[in-house]
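Chain by chain, the residues:
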Amino acid sequence: MKKIPLNISAIQYSQSQNGAFALILKEVDGERNLPIVVGPFEAQSISIAMEKEIMLPRPLTHDLMANLLEMYKIEVEEAIIFAYQDNLFYSKLILVKDGEKQELECRTSDAVAIAIRVNAPIYTFDEILNQTTIFLDEEEEEEEEEIIEIHIEGLFDEAPEQEVNMENMEQELLEIALQKAIEDEDFETAAKLRDLINKRNN
């Protein structure tokens with residue numbers, strides 16, 4: 001089967017699942033869009049990797065995995081979304097070590113998060129795109145263009161009738177959110193974040 005290259009098009013609040021996000025992957029030479037529901041941590045991790053100027057005091061889990069691959073000279077040749085069954089996407093990383101290829105099955109969000117950290121291409125197949133694709137009209141495409149420039153700040157805003165679960169954030173993300181809340185003079189959120197950070201530290 002012919003592999004179809006994908007790019008990350010947007011990360012949006014999911015309209016179907018409370019507290020989740022929709023990762024939109026778009027085929028490089030076409031109009032089909034692949035929507036994948038991911039959790040808040042995965043959305044933040046992918047967004048941070050795309051925002052190259054964001055520097056964290058300590059690596060996130062996906063940063064650690066990418067660093068380990070580099071340390072042991074394992075190349076990520078590509079990430080492939082190879083199946084879609086029962087509303088779940090199945091993905092794998094193609095790894096190369098000393099000229100030998102190995103396949104490592106993983107969650108799609110993890111495959112994407114690692115692939116963008118090591119500049120590896122992301123692929124799927126026609127059959128999967130035809131099963132799951134969404135087409136955007138002109139108005140939605142204009143809105144999408146505004147979302148392509150993903151900023152980490154947006155992942156800490158409240159979605160309509162939804163809230164990001166701060167309990168699931170890693171410590172570094174909590175600290176970034178706290179700094180943003182203070183800058184925005186959102187002291188109620190800042191207080192909640194501060195209390196949660198202190199609770200974890202204790």
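Residues numbered from 1 in each chain as written. Predicted model: local features only at pLDDT ≥ 70, side-chain atom pairs only at ≥ 80, totals over all residues. Heavy atoms only, no water.

Chemist: Hey, could you run me through the pattern of salt bridges in this one?
Modeler: As enumerated under the stated definition, the model contains nine salt bridges in all. The shortest N-O distance in the salt bridge between R32 and D126 comes to 2.7 Å. Taken as a pair, R32 in the loop between β2 (21-27) and β3 (33-38) and D126 in helix α4 (residues 126-132) lie far apart in primary sequence, 94 residues in all. Using a relative accessible area of 14% as the deciding quantity, one classes R32 as buried. (Salt bridge = Lys/Arg side-chain N within 4 Å of Asp/Glu carboxyl O. Helix = DSSP H or I, 4+ residues; strand = E, 2+ residues; numbered from the N terminus. Buried < 20%, exposed > 50% of the residue type's maximum accessible area, 1.4 Å probe, protein only.)

Chemist: Whenever I open this one, the confidence of the model for the protein chain confuses me. Can you help?
Modeler: In low-pLDDT regions, the fine details of the predicted coordinates are not to be read closely. Residues with a pLDDT of 70 or more make up 68% of the protein chain, whose mean pLDDT is 78. Segment residues 137-164 is flagged for pLDDT under 50; beyond a separation of four residues in sequence, or across chains, it makes 57 contacts in the model. (pLDDT = per-residue confidence, 0-100. Contact = heavy atoms within 4.5 Å.)

Chemist: Help me understand the packing of helix α2 (residues 61-71) against helix α3 (residues 108-117), please; the structure alone is not making it clear to me.
Modeler: For any two helices packed against each other, the geometry comes down to the angle between their axes and how far apart the axes lie. Taken N-terminus to C-terminus, the directions of α2 and α3 make an angle of 55°; their axes are 9 Å apart at the nearest point. As far as their axial angle goes, α3 and α2 are oblique. For the crossing formed where α2 meets α3, the hand is right-handed. Side by side, α2 and α3 meet where H62, D63, M65, A66 and L69 of the first sit next to D110, A113, I114 and R117 of the second. Its residues assigned to classes, the contact of α2 with α3 shows five nonpolar, one polar and three charged. (Axes fitted to C-alpha atoms, helices over the stretch in contact; angles between N-to-C directions. Parallel < 35°, antiparallel > 145°, perpendicular 65-115°, else oblique. Left-handed = near helix turned anticlockwise from the far one by under 90°. Nonpolar A, V, L, I, M, F, W, Y, C, P; charged D, E, K, R; others polar.)

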